[in-house]
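Report on the structure
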Amino acid sequence: MTPHEVRTRGFAACRRGVDPDEVREFQARVADELAMLNETVRLLSQENDRIKRALRDWQIMHAQECRPQQEHHHNAGHW
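What comes next concerns the included structure. (Residues numbered from 1 in each chain as written. Predicted model: local features only at pLDDT ≥ 70, side-chain atom pairs only at ≥ 80, totals over all residues. Heavy atoms only, no water.)

Counting across every chain of the model gives 4 salt bridges. R24 is the partner of D21 in a salt bridge, and the nearest nitrogen-oxygen pair spans 2.6 Å. Residue D21 and its partner R24 are both found in helix α2 (residues 20-65); the two are separated by 3 residues, about one turn of the helix. With a relative accessible area of 49%, D21 lands in the partly exposed category. Using a relative accessible area of 48% as the deciding quantity, one classes R24 as partly exposed. Here E39 makes a salt bridge to R42, at a shortest N to O gap of 2.6 Å. Separated by 3 residues within a single helix, E39 and R42 lie in helix α2, roughly one turn from each other. For E39, a relative accessible area of 34% translates into the label partly exposed. (Salt bridge = Lys/Arg side-chain N within 4 Å of Asp/Glu carboxyl O. Helix = DSSP H or I, 4+ residues; strand = E, 2+ residues; numbered from the N terminus. Buried < 20%, exposed > 50% of the residue type's maximum accessible area, 1.4 Å probe, protein only.)

Okay, here's the thing in structure tokens:
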């Protein structure tokens, strides 16, 4: 649901209905909140992508620094 859909949603009139001005005010508040939440999700998604890239870069750097030595001696074990 988009903020525009909330703002423009119509309701059928009835005998004991609600105040249309209150409904429109509530719709505006909900639409504004929805727009703010959508923006927050967008920003958090960008931050999540940035953190994932930084972690991947760190893992690559760490893996290169911690590579085992290429030379293997049969009797070079711990015991």
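And the narrative resumes.
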